[in-house]
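Structural features, examined
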Amino acid sequence: MTNLERKHWIRALTAHPASVLNALADELASEFDVKLKSLPQAGLGLLTLTDGAFHEPYYLGEFPLSSCSVELSMADGRTAAGGAHVMADDADLARALAILDAVVAARLPGWERVSAQIDAGAAIRAEEDRRRRAMLAATRVDFAMLNNAENDDDEG
Amino acid sequence: MSYVAIKGGGRAIAGAAAVTEFLRTEEGLSETLAEPLGIDAILHQLRHLVDRVVSEGGVYHPKFAALAIKQSLGDTLEAAFALRAWRSTRPRLLATPPLDTSRMRLIRRISSAFKEIPGGQMLGPTPDYALRLLRMELMDESPDAFRAVARAWLDSCPEARLPDSFPKVLDALRAEGLLPPVTGRTQAAFDITREPLVFPVPRSAALATMARAETGSLLAVAYSNMRGYGDVHPTVAELRVGYLPVMLPHPITGEPTEVGEVLVTECEVVAMYEADDAGGKPMFTIGYGACFGHNEVKAISMAILDRALQKGMKDGPGNPSEDPEFVLLHVDGVDSMGFASHYKMPHYVTFQSDLDRLRTTQQKSGEPA
C-alpha cells in the first residue's frame, strides 16, 4: 500500500498520461458495478488567491477543472466511494481518477496496481520538484558579499 | 454607433481564412522537409509567449494557449481572444478556497529591498543579468546539440537541500510594525467574468482586472507613474515565480487535495510611507501584483498600479494611474483590441452620414462642395 495520504493521490496519478489511467480504471471497473454519484463533468474552476499585501481574497483567473464521484459495488456486497477533482478539461479522466481513488481507499481488487501507479507517479513528481529546487540552488546569490561601495554603484 | 452588417462577400471571407492558412503552411512548399510547429515545442520553447496568453486570456490552460498561438500565427491578442472564447463555452464548476502563495514551489525569488532575506535569494531563470546580444549559434541549432544542453545542466546540478516553501519578506516587515496590518477582509471577491465594473469597485475587482490585463497596457500606465505622473516610488520587497498547488476539497473526505498546479508570478512592493489618519505611527504603503505564468514586468506593473489605485480610491486620483476608471477600463487586451479592430469593419452608413453633414456644412459656409 502506498504511504502517500489520499490527498496526494491525484497529484501522483496525474503524473501519468491520461490514457494509462483511463485504461487501468476501465479494466478494474469491469469487476464492479459503477454508480455515478455525480456525473463526470468538465468545466472551469475559479482560482481564489489571498493577496500578499493585505491578505484579502481576489480571483486570479480560471483553470480547466473536471470532477466526478462514484460508488463501486462488488458482488459480495462491499462498496467503496471515490471521487476526484482534477485540473484538466477531461471528464473521462475525472471518472477514471474517481474509480482509482475508490479502489485504493477501500483496497478493492486491483488496489495494488493503482497503488504502484501512485508510487511511480510520486517518483515522477519528486523528480520535477528536484529540478525546480536545482534551479534555485544553482542560482542562489549572496548580495551581502557586495561591499558598500560596490552596492552604492549598483543601485539604480 | 452603427454599421451595416456584411451581406455577400462570404467567398472573400472564406478566401481570407484560406490565405492566412496558406501563409501558416507556406514553408511546406520549400525543398526542405518542413514540419508543423508542435504544441509541445510552443509550450516549452516559447514559454513566455504561452505565459502571456494564459495570463491575458484569464484561463490557465497552457496547452490551449499554445494552440491559440499556433492558429493565430503568434498574435498574442488574437490568441488571448481565442482562449477567452473557449472559456465562454465552459461551465463554471466551483471556486477554490483562498490559496496562500507562501506554499508556491518556487523557481525564482528575489528582493531589491534587502541583501539578505529569510531563506535566501535565488535568481532562477532570468535574463536580468544577461547581455542582450544575439546568439548566432541558435540560428542553426542541431537537434543533438539541443538535446544535450538540458541533460548536461541536470547532470551538473548537485542535490539541493531546500525547503518546500519560503517565508514572505512582507511578513518580516509587518512583524516590525513597518507595514499596515492586514485587513482580514473575507467578503467574497468580485468576479469580473460575471459582474460589470460599475465604479467605485472593490480592490478585488481591480486586482482581478489587472491580473488578466494586457501586459503592454499595464506597463504603459504603470510606467507613467514611474516616470513622474505619480509618486509610488516602489521597492520590490519580494518577487517570486513558482508553481502554486491548486487545492480543492476531496469530493469524499472533504480534505484539501491538490488537483493541479499553476505557474504564478507574484510581486509585493513597498512604497512611500505615509502618516496614519487615526494618529498612529507612519508606515510604509504596499502594493501587490500577480498573474498566471512567468511575467515579471506585468506583476511589477500591477503592484505599482495597485498602490496607485489604493491612493486614488482614498484621496481621489491625482494622475491617470491613480484613477480606477481610467486604469481598469483601458488595460484589457481583448476589449481594447476589439474596439480598435472594429474600425476595420464597414462603417458605410455612419461615414455616409459624416459626408452628408460635411458637404451641407461646407455649402452653408459658402465654400465649394
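Quick notes on the rules
- Residues numbered from 1 in each chain as written.
- Chains lettered and ligands numbered in written order.
- Predicted model: local features only at pLDDT ≥ 70, side-chain atom pairs only at ≥ 80, totals over all residues.
- Heavy atoms only, no water.
- Helix = DSSP H or I, 4+ residues; strand = E, 2+ residues; numbered from the N terminus.
- Rg over C-alpha atoms; globule rule 2.2 N^0.38 Å.
- Contact = heavy atoms within 4.5 Å.
- Areas by Shrake-Rupley, 256 points an atom, 1.4 Å probe, with all protein chains shown as cover.
- Lys, Arg positive; Asp, Glu negative; His and termini not counted.
- Charge placed at Lys NZ, Arg CZ, Asp CG, Glu CD.
- Core = buried A, V, L, I, M, F, W, Y, C linked by side-chain atoms within 4.5 Å.
- Buried < 20%, exposed > 50% of the residue type's maximum accessible area, 1.4 Å probe, protein only.
- Domains from an automatic or database assignment.
- Phe/Tyr/Trp six-rings, centres within 6.5 Å; stacked < 30°, edge-to-face > 60°.
- Lys NZ or Arg CZ within 6 Å of the ring centre and 35° of its normal.
- Buried area = accessible area lost by both parts, 1.4 Å probe.
- Salt bridge = Lys/Arg side-chain N within 4 Å of Asp/Glu carboxyl O.
- Polar contact = N/O pair within 3.5 Å; in protein donor to acceptor, adjacent residues only side chain to side chain.
- Pairing = 2+ DSSP bridges.
- 1 Å grid on protein atoms, 1.4 Å probe; cavity = no way out; pocket = protein on both sides within 12 Å on 5 of 7 lines; lining within 4 Å.
- Points joined across faces, edges and corners; volume = space filled by probe spheres on them.
- Nonpolar A, V, L, I, M, F, W, Y, C, P; charged D, E, K, R; others polar.

**Digging into the overall build of chain A**
Helix and strand counts for chain A come out as five helices and four strands. Along chain A, helices and strands appear, N-terminal first, in the series α-α-β-β-β-α-α-β-α. For chain A, the C-alpha radius of gyration of 22 Å lies well beyond 15 Å, the compact-globule estimate for 156 residues. Dimensions of chain A, computed from the C-alpha atoms along their principal axes, are close to 80 × 30 × 25 Å. If you take every contact in chain A between residues at least 6 apart in sequence, the share linking residues at least 24 apart comes to 61%. Here chain A has roughly 6,800 Å² of accessible surface; of this, 48% comes from carbon and sulfur atoms. Distance from the positive charge centre (15 side chains) to the negative charge centre (25 side chains) of chain A: 10 Å.

**Observations concerning the nonpolar core**
Ranked by internal contacts, the top residues of the largest apolar core, which has 85 residues, are Leu 47 and Leu 60 of chain A together with Val 50, Tyr 60, Met 210 and Val 262 of chain B. In terms of residues, this core owes the most to one element, strand β4 (residues 235-249) of chain B, which gives nine residues. Each of domain 1 (10-87) and domain 2 (101-135 + 164-338) of chain B contributes no fewer than three residues to this core. With residues near it in sequence (within four places) discarded, Val 50 of chain B still touches Ile 42, Leu 43, Pro 62, Ala 65, Ala 66 and Ile 69 of chain B. In this structure, Ile 10, Ala 84, Leu 93 and Ile 99 of chain A belong to the second largest nonpolar core, which totals 32 residues.

**Observations concerning the packing of aromatic side chains**
Scanning the entire structure with this criterion turns up five aromatic pairs over all chains. With centroids separated by 5.1 Å and ring planes inclined at 90°, the aromatic side chains of Phe 64 of chain B and Trp 86 of chain B adopt a geometry described as edge-to-face. Of this pair, Phe 64 of chain B sits in helix α4 (residues 62-71) while Trp 86 of chain B sits in helix α5 (residues 76-87); the two residues are 22 residues apart in sequence, bridging distant segments of the chain. For Phe 64 of chain B, a relative accessible area of 26% corresponds to the partly exposed category. The exposure class assigned to Trp 86 of chain B is buried, which follows from its relative accessible area of 16%. Between Arg 107 of chain A and the ring centre of Trp 111 of chain A, over which it is positioned, the NZ or CZ distance is 4.8 Å. The ring of Tyr 243 of chain B has Arg 132 of chain A sitting right over it, with the charged end atom 3.7 Å from the ring centre.

**Quick word on the interface of chain A and chain B**
On the chain B side, the residues contacting the 62 residues of chain A number 87 residues. Taken together, the two surfaces of chain A and chain B that pack against each other cover about 6,500 Å², and 62% of this comes from carbon and sulfur. Looking at the side of chain A facing chain B, the largest losses of area belong to Phe 54, Glu 62 and Leu 136 of chain A, adding up to 11% of the total buried there. In this structure, the connection of chain A to chain B is made through eight salt bridges. Notably, a salt bridge pairs Lys 7 of chain A with Glu 255 of chain B, separated by 3.9 Å at the nearest N-O pair. Between the two partners, chain A and chain B, sit 27 residue pairs in polar contact (both at pLDDT 80 or more). Put simply, the parts of the chain that give the side of chain A that touches chain B at least two residues each are α1 (9-13), β1 (33-50), β2 (57-73), β3 (79-86), α4 (111-137), β4 (140-141) and α5 (148-154) of chain A. Top element by residues in the side of chain A that touches chain B is β2 of chain A. It accounts for 13 residues. In this sheet, strand β3 (residues 121-122) of chain B lies alongside β4 of chain A in antiparallel orientation, the contact comprising two bridges. From the neighbouring strand, Arg 140 of chain A faces β3 of chain B, where its bridge partner is Met 122 of chain B.

**Digging into empty space enclosed by the protein**
If you walk through the whole model with that rule in mind, you get one cavity of 30 Å³ or more. Forming the boundary of the largest cavity are Leu 46, Tyr 59, Leu 60, Gly 61 and Glu 62 of chain A together with Gly 58, Asp 191, Ile 192, Thr 193, Ala 208 and Arg 212 of chain B. Counted by class, the lining of the largest cavity contains five nonpolar, three polar and three charged residues.

**Thoughts on the environment of Ile 10 of chain A**
Looking at the secondary structure, you find Ile 10 of chain A in helix α1. Considering only alpha carbons, one finds Ile 10 of chain A and Leu 72 of chain A, 62 residues apart in sequence, at a separation of 18 Å. Not counting the four nearest positions on each side in its chain, Ile 10 of chain A is found in contact with Ala 84, His 85, Val 86 and Leu 97 of chain A together with Thr 257, Glu 258 and Val 259 of chain B.

**Remarks on the domain arrangement of chain B**
One widely used convention gives an interface's size as the accessible area the parts lose upon coming together. Residues and elements named next belong to chain B. Taken domain by domain, chain B comprises domain 1 (10-87) and domain 2 (101-135 + 164-338). In this structure, domain 1 and domain 2 have C-alpha centres spaced 29 Å apart. Each partner contributes residues to the interface: domain 1 has 15 residues there, and domain 2 has 20 residues. Three residues stand out in domain 1 for area buried against domain 2, namely Ser 55, Tyr 60 and Arg 84, and they jointly supply 39% of the buried area on that side. Across the contact surface, domain 1 and domain 2 share two salt bridges. A salt bridge links Glu 214 to Arg 52; the nearest nitrogen and oxygen atoms lie 2.7 Å apart.

**A closer look at the pattern of salt bridges**
In total, this model carries 39 salt bridges over all chains according to the counting rule given. For Arg 11 of chain A, the salt bridge goes to Asp 129 of chain A, with nearest N and O atoms at 3.0 Å. One end of the pair, Arg 11 of chain A, is in helix α1; the other, Asp 129 of chain A, is in helix α4, with 118 residues separating them in the sequence. Of the two residues, Arg 11 of chain A and Asp 129 of chain A, neither departs from the other in class, the shared state being buried. One salt-bridge network, held together by shared partners, links Arg 11, Asp 129 and Arg 132 of chain A together with Arg 105, Glu 258 and Glu 261 of chain B.

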